[in-house]
Structure formats: C-alpha cells, structure tokens
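# Results of the structural survey
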Amino acid sequence: CIEVISPCINDSTIIFENGGLATSYGSSYSNEHIYLDGIFYVDTNMSFENCIIKTRAGSSIVLLGSNTINFYNTTISGCDTMWQGLIVDYIGTVILEDLNSIQDAHEAINLGPKGNLLMNNSEIINSVTGIKVPPTYPSLFGGTVDLRQARFGMYASSFLPDYHGQPM
C-alpha cells in the first residue's frame, strides 16, 4: 500500500473534515495553517486571523443562518485544484478586512438571495467568478455588498485544474 499525503498538509496543519461544523472545531483561529477537506459548515460566528487555508478539490465553506465569518490577513486558495468557494446560505455576513486573498475558486463568494459582504483592502483573484449575486426572481436581492479598496483579477497564467463536476 502507498499512503498519499497532500502537499498542502504538514505536521501542524489543522484539518477541517468533510461535513464538519464550526461548532465542533472552535470559533477563532490565529496564525494557523488549515486544510479544508470538503464542505465545511459555519454554524456559529467564526474568525480567522493571519491564517493560510488550503482547500481540497471542490471544497466549499457554507455560512449557515445569520452567522458572521470574519477574515483578517488570511489567504484561502486551492491546493492543486479549483475549489467551489464560500456560499452564504441565508442572511449571513462575510467580512474580509485587511489584506485577505481568496484564490482559485469557481465562485469565490456566492451571496445567495440575502447574504452580506464587507470587503475592505482585500482581493479575489484567479477565480472564475468573484462575487455572485444569483437571480432572486420575483423579488430583489435582499443583502448588502460593501467594497472598499477591493481588487479582482486574473494574475496567474491559467486557472488551477477543474474539480470533478465543476460547472462550465
């Protein structure tokens, strides 16, 4: 047998297992290396400061309810393949405050019909879609988007490889 170890995991990496809930892992992380191994559900307010978050192919962060997820000087990127992105399931709030970078996502942030986003001095790069506000027919978008010194773009020579089942 051959054990396959991801190049994005080391001895100090915290692994968020597929289907994991934030309440099972804790609500605050600082100066950590984290590996997202599938879908991670944020069911409480949560914050990341000075963290590096690497993602397995097709992973996502799903913000549930009216919770808030805060990022400060944190990078979220695909390990060696694209990931789905951060999905606001209801009326949650995503705060990207001060030098964050979301990279290599299919939809970096999907706000759903009522999600809220404050993005200040941060970037979304090398992603297929930066911020998605899906159609909410017959009503209007019920959330807020506040962008301040936000940067978007494609800075790599190409996207990472697609994850299995990634939409075109």
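See the structure printed just above.
Note that this is a predicted model, so its numbers are computed, not measured.

## A look at the overall build of the protein
Along its length, the protein carries one helix and 19 strands. Relative to the globule expectation of 15 Å for 168 residues, the C-alpha radius of gyration of the protein, 15 Å, shows essentially globular dimensions. Across its three principal directions, the C-alpha atoms of the protein cover 55 × 35 × 30 Å. Counting all 168 residues of the protein, 46% fall into the buried class. Taking all contacts inside the protein whose residues are at least 6 apart in sequence as the whole, residues at least 24 apart take part in 47%. Summed over all atoms, the accessible surface of the protein reaches about 8,500 Å², with 51% contributed by carbon and sulfur. If the 6 positive side-chain charges of the protein are averaged to one point and the 16 negative ones to another, these points end up 9 Å apart.

## Observations regarding the pairing of strand β11 (residues 85-88)
When strand β8 (residues 60-63) meets β11, the two strands line up parallel, connected through four bridges. Considered in β11, the bridge of S60 is made with G85.

Conventions adopted
Residues numbered from 1 in each chain as written. Predicted model: local features only at pLDDT ≥ 70, side-chain atom pairs only at ≥ 80, totals over all residues. Heavy atoms only, no water. Helix = DSSP H or I, 4+ residues; strand = E, 2+ residues; numbered from the N terminus. Rg over C-alpha atoms; globule rule 2.2 N^0.38 Å. Buried < 20%, exposed > 50% of the residue type's maximum accessible area, 1.4 Å probe, protein only. Contact = heavy atoms within 4.5 Å. Areas by Shrake-Rupley, 256 points an atom, 1.4 Å probe, with all protein chains shown as cover. Lys, Arg positive; Asp, Glu negative; His and termini not counted. Charge placed at Lys NZ, Arg CZ, Asp CG, Glu CD. Pairing = 2+ DSSP bridges.

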